[in-house]
Amino acid sequence: MKNSLIPLLAVAMMLLVGCQGGSDLTQPTAQDEQRAGFSPLQEAAVGDFVWDDVNMDGIQDTSETGIADVVVNLYTCDDTMVATATTDQDGYYMFDSLDAGDYYLEFELPDGYVFTLMDQGSDDELDSDVDPDSGTTDCFTLTEDQSNMTLDAGMYMDEGCTWGKGFWKNHTGLGPQPDLVTDLLPLWLGDEDDSLSMEVTTAQMAYDILQQHEYGHPSNGITRLYAHLLAAKLNIANGADDEDIAQTITDADAFLGDHDWESWDDLGQDDRQMVNGWKDMLEDYNEGEIGPGSCDEYHMMY
Ligand SMILES: [Ca+2]
Ligand SMILES: [Ca+2]
Ligand SMILES: [Ca+2]
């Protein structure tokens, strides 16, 4: 870049930064500027939509809505940042009053979101144009006076997925499969530091709990609860959304603070039913019946 261009570019960038935001009614429109006797030379524009791709198919479905307050950055294709915009309450953004030229866009993911699939379907009005790995679009060319409103970004809340307890047992590093458990430890069964709570500190201990023969046996309800509670906590530590079973875990942890597997034989019918109910909920979660869904299906889809 020649030094003499820098002041001009700085002025151009200040003008551009002042003109962002499709919904900001306080900004002058091109018509306003023409009425005021100012005839803008730069008329190209790009937009316009960031949406929540709930069904993760990369297509803007009519039931899917925009996402507000997403930061969008505009660059020239030689990586000079031109301007920044933020999506409005309906998910729209626009950069206008642009020079003809080659540009790309960068979209910043809100917390918990990931980008959806790029360039799905045959209608560029209804797809997502962001590479999920880079968060940017391809370079595109704007000619003088061109308005391109097809540059959209789909994203969805990444809720993770869950594996059943058999998967976790097979991934303690004690068999041929890799150890995926150790990095997720320690985990507590029962509220931390309560008298009968167990702290699971090693992959071997996790294996013994999931295998259900070291801490009681498979006909013992608390032994079964241990296994499914540990699998659920491994899933959550691995990134799975816990909304559907957070209360179950809170209740089970409180109970396991003063009941261990040796307490099972002395439990009354109501307590046993309660323990079995928690175990069933946690098993449903781990198997993908509730919660974010099974990783088996997730990996088959992608
Ligand atoms: Ca969709
Ligand atoms: Ca596209
Ligand atoms: Ca598009």
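Residues numbered from 1 in each chain as written. Chains lettered and ligands numbered in written order. Predicted model: local features only at pLDDT ≥ 70, side-chain atom pairs only at ≥ 80, totals over all residues.

Observations concerning the overall build of the protein
Spelled out, the test is: The way it works is that DSSP assigns letters per residue, a run of H or I at least four long becomes a helix, a run of E at least two long becomes a strand, and they are numbered from the N terminus. Three exposure classes are used, all based on how many other C-beta atoms lie within 10 Å of a residue's own C-beta (placed from the backbone): buried at 20 or more, exposed at 12 or fewer, and partly exposed between those limits. Contact between residues is assigned whenever the C-beta positions, reconstructed from backbone atoms, fall within 7 Å.
If you tally the helices and strands in the protein, you get 8 helices and 10 strands. Looking at the protein as a whole, 32% of its 302 residues qualify as buried. Across the protein, the fraction of contacts at a sequence separation of at least 24, relative to all contacts at a separation of at least 6, is 69%.

With respect to the nonpolar core
Just so we agree on the cut-off: Put simply, a nonpolar core is buried Ala, Val, Leu, Ile, Met, Phe, Trp, Tyr and Cys residues tied into one set by C-beta atoms within 7 Å.
In this structure, A206, I209, Y226, L229 and L230 are the most contacted members of the largest nonpolar core, which totals 33 residues. Among the elements that line this core, the one with the most residues is helix α5 (residues 221-237), at 10 residues. Sequence-distant contacts of L230, defined by excluding residues within four places in its chain, comprise L187, L189, V200, A206, I209 and L210. V70, M94, F115 and M155 belong to the second largest nonpolar core, which has 27 residues in total.

Description of the pairing of strand β4 (residues 92-98)
Operational definition: Strand pairing is assigned whenever DSSP detects at least two bridges linking the two strands.
Judged by how many residues are buried, β4 sits mostly within the fold: 7 of 7 residues are covered. Relative to β4, strand β1 (residues 44-52) runs antiparallel, the two sharing 5 bridges. Across the sheet, residue D48 finds its bridge partner in β4, namely Y93.

Focus: α5
The line we're drawing: Here, expected helix span is obtained from the residue count minus one, scaled by 1.5 Å.
Under the 1.5 Å per step criterion, the end-to-end length of α5 is 24 Å for 17 residues, consistent within 8% with the ideal 24 Å. Extensive coverage of α5 is indicated by the burial of 16 of its 17 residues. Two residues or fewer after α5 comes G239, characterised by a positive phi angle close to 110 degrees.

Section: the pairing of strand β2 (residues 71-76)
Where β2 meets strand β3 (residues 81-86), 5 bridges bridge the pair, whose relative direction is antiparallel. Within β3, the position partnered with N73 by the bridge is T84. In this antiparallel pair of consecutive strands, β2 and β3, the connection spans 4 residues, and D79 shows a positive phi of 70 degrees. The pairing of β2 with strand β5 (residues 101-107) spans 5 bridges and is antiparallel. Paired with Y75 across the two strands is Y104, which belongs to β5.

Points about the confidence of the model for the protein
Applicable threshold: Values of pLDDT, the confidence the predictor places in each residue, fall between 0 and 100.
Averaged over all residues, the pLDDT of the protein equals 88, while 84% of them reach at least 70. Confidence drops under a pLDDT of 50 for residues 1-40, and excluding neighbours within four residues, the segment shows 35 contacts in the predicted structure.

Focus on the sheet that holds β4
Hydrogen bonds along the backbone pair up the strands of a sheet, which may run parallel or antiparallel. Condition: Comment: axis = line fitted to C-alpha atoms, over the contacting stretch for helices; angle = value between 0 and 180 degrees taken between N-to-C directions.
Strand order across the open sheet formed by 4 strands is β4-β1-β8-β6, with mixed pairing between neighbours. Pairing within the sheet leaves two strands with one partner each, and these edge strands are β4 and β6 (113-115). Averaged over all pairs of adjacent strands, the angle between their axes in this sheet comes to 25 degrees, without regard to strand direction. Across 7 bridges, the pairing between β1 and strand β8 (residues 147-157) is parallel. In the strand pairing of β8, F49 is matched with D152.

Overview of the packing of α5 against helix α7 (residues 269-286)
Put simply, the rule reads: When the near helix sits turned anticlockwise from the far one by under a right angle, the crossing is termed left-handed; a clockwise turn instead gives a right-handed crossing. All residues other than Ala, Val, Leu, Ile, Met, Phe, Trp, Tyr, Cys, Pro, Asp, Glu, Lys and Arg, Gly among them, are scored as polar; the first ten of these are nonpolar and the last four charged.
At a minimum axis separation of 9 Å, α5 and α7 run at an interaxial angle of 35 degrees. In this structure, α5 crosses over α7, and the sense of that crossing is left-handed. From α5, G221, I222, R224, L225, H228, L229, A231, A232 and N235 reach across to α7, where they touch R272, V275, N276, W278, K279, L282, E283, Y285 and N286. A class-by-class count of the residues in the contact of α5 with α7 yields 9 nonpolar, 5 polar and 4 charged.

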